[in-house]
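Coordinates in review
If you want the building blocks of each chain, they are given just below.
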There are 2 protein chains.
Amino acid sequence: MEEAAHPYVPKDLKLPGYVPISMSMSSILSVYLASSLFVVTLVWFLFGRKKGKLEKLLMCWWAFSGLTHLVLEGYFVFSPEFFKDNTSCYLAQVWKEYSKGDSRYAGRDSAVIAVEGITAVIEGPASLLAVYAIAKGKTYSYVLQLAISLGQLYGCLVYFITAFLEGDNFATSSFYYYSYYIGANGWWVLIPLLISYRCWNKICEAATNGVETKMKKKIR
Amino acid sequence: MEEAAHPYVPKDLKLPGYVPISMSMSSILSVYLASSLFVVTLVWFLFGRKKGKLEKLLMCWWAFSGLTHLVLEGYFVFSPEFFKDNTSCYLAQVWKEYSKGDSRYAGRDSAVIAVEGITAVIEGPASLLAVYAIAKGKTYSYVLQLAISLGQLYGCLVYFITAFLEGDNFATSSFYYYSYYIGANGWWVLIPLLISYRCWNKICEAATNGVETKMKKKIR
């Protein structure tokens, strides 16, 4: 049986047993968007009651981000042979499609697996804990959100720097480069930056108040 | 001219133009230990006045860690050809020696460069800022220390996971494996873990006090 040629770049990437993608790009994206929308709606209306808009938005972000980390990225980390999948498993289709933007996924680049492993195993559950922490107004809410966001930023830095150092030539076309590699990951740079900034300030405010309270007590 | 054989593992690692190490292991370590001791003593007695023992220790750690990141790791990141150095430059000797514990340094592994780049450029200056923040009792002191420590832990995770995924066969002998690769890096796992734990608790304490103060104000 002749082996199907893969669509990824570099062309000499060896993927023995590769089975071509069987879902269209629009179907893959629709399923992801629809399930994300479902999660976000659920969190907004069920867990977000009695909460401000910003807190609701943050809970939606952490639920969406956490499930993406756990389910999508978790599947990738523990499925080294997803490119051979012939069962039309949705998660395998996602990574066959995403590899058009970054073939290091299909090629099992170790830096990508390391970053995705940390993201799936540590940041995934921690993101869901952040939903709970915001909902219950836990005192560790800001520091937890800061820690996860900094982790996401560190992961993105390693992800982009290693690609750059290795020649930045892993996308099938510039369309996939900008929409998948840059576009999809861009959200995990922008939003963690904003959350880190906010949490950092909130933590410093609390520390300032603590110092002021102590000083007032001393004056009394 | 015949090229010198390098001492690193794997043996087939290509290092064209390699110039053998010219300092002994004990000299290299002595210079590092002596300069670290100098920095630590300086910080302890000069900047540490009026501070508690734990705070003094932390300032020493951040000064030592920050300068290691900036000087040693900074040199590595921006000297892709350190293994060709024939001027007996001390910093090149350090990395020629350390590569016996992990040849990915001499081989310019992209995950190692990415982690070391982030460490040198972001965490190095941030560590020195932490010395200042502790000395001046800044309100951002704990959150800054937490952020750097989490970054150091993330870096170590990527460092160890990528080596494991690539076969964990980069040390010249088990002596170098355990003393350099495990031993030297172990400190940057253990101490950041302890600091993260402490800072996390301090931040949560401040947040709890903030909530209590707000509630008392409401009751009044």
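As the structure is a prediction and not an experimental result, all values here were calculated from the model.

**Points about helix H5 (residues 141-165) of chain A**
Across its 25 residues, H5(A) extends 36 Å between first and last C-alpha, which sits within 8% of the 36 Å expected from 1.5 Å per residue. Most of H5(A) sits inside the fold, with 18 of its 25 residues counted as buried.

**Some remarks on the relation of the copies chain B and chain A**
Relating one copy of the chain to the other requires a rotation about an axis plus a shift along that axis. The operation relating chain B to chain A is a screw motion whose rotation component is 180°, with 0.0 Å of axial translation and a residual RMSD of 0.0 Å. Expressed as a symmetry operation, the mapping of one chain copy onto the other fits a two-fold axis. Residue by residue, 100% of the interface of chain B is reproduced at the interface of chain A, so both copies engage with the same surface.

**A word on the packing of helix H4 (residues 110-135) of chain B against helix H5 (residues 141-165) of chain B**
Residues and elements named next belong to chain B. Running from N to C, H4 and H5 point in directions that differ by 160°, and their axes come no closer than 10 Å. With respect to their mutual orientation, H4 and H5 come out roughly antiparallel. Crossing hand, H4 versus H5: left-handed. Here H4 contributes Ala111, Val112, Val115, Glu123, Ala126, Ser127, Leu129, Ala130, Ala133 and Ile134 to the contact with H5, which in turn contributes Ser141, Leu144, Gln145, Ile148, Gly151, Gln152, Gly155, Val158, Tyr159 and Thr162. For the contact of H4 with H5, the per-class residue count stands at 12 nonpolar, 7 polar and 1 charged.

**Points about the UniProt feature "domain: EXPERA" (unreviewed entry) in chain A**
In the UniProt entry, the feature "domain: EXPERA" (unreviewed entry) is given for residues 54-196 of chain A. The distance separating the terminal C-alpha atoms of residues 54-196 of chain A is 14 Å; by composition the span is 75% helix and 0% strand.

**Re the packing of aromatic side chains**
Inspection of every chain in the model, using the stated rule, returns 45 aromatic pairs over all chains. Plain terms: the ring middles of Phe160(B) and Tyr181(B) are 5.1 Å apart, the flat faces sit at 80° to each other, and that makes the pair edge-to-face. Separated by 21 residues along the polypeptide, Phe160(B) in helix H5 and Tyr181(B) in helix H6 (residues 174-219) bring together distant segments of the chain. For Phe160(B), a relative accessible area of 23% puts it in the partly exposed group. Seen from the ring of Phe170(A), Arg104(A) lies directly overhead, with NZ or CZ sitting 5.4 Å from the centre. Here the basic side chain of Arg108(A) rests over the ring of Phe76(A), its NZ or CZ set 4.5 Å away from the ring centre.

**With respect to the pattern of salt bridges**
Residue and element names in this part refer to chain B. Applying the stated criterion to the full structure yields 6 salt bridges over all chains. For Glu81, the salt bridge identified is with Lys84, shortest N-O distance 3.0 Å. Notably, a salt bridge pairs Asp102 with Arg104, separated by 3.1 Å at the nearest N-O pair.

**A closer look at empty space enclosed by the protein**
Residues and elements named next belong to chain A. Taken as a whole and assessed by the stated rule, the structure comprises 1 cavity of 30 Å³ or more. Forming the walls of the largest cavity are Gly101, Asp102, Ala163, Asp168, Asn169, Phe170, Ala171, Tyr177 and Tyr181. Class assignment of the residues belonging to the lining of the largest cavity gives a composition of 5 nonpolar, 2 polar and 2 charged.

**A few points about the environment of Tyr8(A)**
Residue and element names in this part refer to chain A. Among the secondary structure elements, Tyr8 is positioned in the segment before helix H1 (25-47). Residues Tyr8 and Gly66 lie 58 residues apart in sequence; the distance between their C-alpha atoms is 28 Å. From its side chain, Tyr8 meets the backbone oxygen of Lys96 in a polar contact 2.6 Å long.

**Regarding the nonpolar core**
Among soluble globular proteins, nonpolar side chains are generally buried collectively. With 79 residues, the main nonpolar core has Trp62(A), Trp62(B), Phe76(B), Phe82(B) and Trp95(B) as its most contacted residues. With 11 residues, helix H2 (residues 53-77) of chain B is the largest single contributor of residues to this core. Among residues more than four places away in sequence, those in contact with Phe82(B) are Tyr75(B), Phe76(B), Ala92(B), Trp95(B), Lys96(B), Ser99(B), Tyr105(B), Ala106(B) and Arg108(B). Judged by nonpolar contacts, the second largest core, of 29 residues, contains Tyr18(A), Ile28(A), Ala106(A) and Ile113(A).

**With respect to the packing of H2(B) against H5(B)**
All names here are of chain B. Look at H2 against H5: their axes get within 13 Å of each other, and the N-to-C directions meet at 50°. In terms of orientation, H2 and H5 fall into the oblique class. Relative to H5, the crossing made by H2 is left-handed. Seen from H2, the contacting residues are Leu58, Trp61, Trp62, Ser65 and His69; seen from H5, they are Gln145, Ile148, Ser149 and Gln152. Looking at the contact of H2 with H5 residue by residue, the class counts come to 4 nonpolar, 5 polar and no charged.

**Thoughts on the UniProt feature "transmembrane region" (unreviewed entry) in chain A**
The UniProt record annotates "transmembrane region" (unreviewed entry) at residues 20-47, 59-78, 111-135, 142-165 and 177-195 of chain A. For residues 59-78 of chain A, the helix share is 95%, the strand share is 0%, and the end-to-end C-alpha distance is 27 Å.

**Comments concerning unusual backbone geometry**
Following Val9(A), the chain continues into Pro10(A) via a peptide bond in cis, with omega recorded as 5°. Within the chain, Arg108(B) stands out as a residue other than glycine whose phi angle is a positive 55°.

About the criteria used
- Residues numbered from 1 in each chain as written.
- Chains lettered and ligands numbered in written order.
- Predicted model: local features only at pLDDT ≥ 70, side-chain atom pairs only at ≥ 80, totals over all residues.
- Heavy atoms only, no water.
- Helix = DSSP H or I, 4+ residues; strand = E, 2+ residues; numbered from the N terminus.
- Expected span 1.5 Å × (residues − 1).
- Buried < 20%, exposed > 50% of the residue type's maximum accessible area, 1.4 Å probe, protein only.
- Least-squares fit on C-alpha atoms with pLDDT ≥ 70 in both.
- Contact = heavy atoms within 4.5 Å.
- Axes fitted to C-alpha atoms, helices over the stretch in contact; angles between N-to-C directions.
- Parallel < 35°, antiparallel > 145°, perpendicular 65-115°, else oblique.
- Left-handed = near helix turned anticlockwise from the far one by under 90°.
- Nonpolar A, V, L, I, M, F, W, Y, C, P; charged D, E, K, R; others polar.
- UniProt positions renumbered as here; feature names shortened; annotations may be inferred.
- Phe/Tyr/Trp six-rings, centres within 6.5 Å; stacked < 30°, edge-to-face > 60°.
- Lys NZ or Arg CZ within 6 Å of the ring centre and 35° of its normal.
- Salt bridge = Lys/Arg side-chain N within 4 Å of Asp/Glu carboxyl O.
- 1 Å grid on protein atoms, 1.4 Å probe; cavity = no way out; pocket = protein on both sides within 12 Å on 5 of 7 lines; lining within 4 Å.
- Points joined across faces, edges and corners; volume = space filled by probe spheres on them.
- Polar contact = N/O pair within 3.5 Å; in protein donor to acceptor, adjacent residues only side chain to side chain.
- Core = buried A, V, L, I, M, F, W, Y, C linked by side-chain atoms within 4.5 Å.

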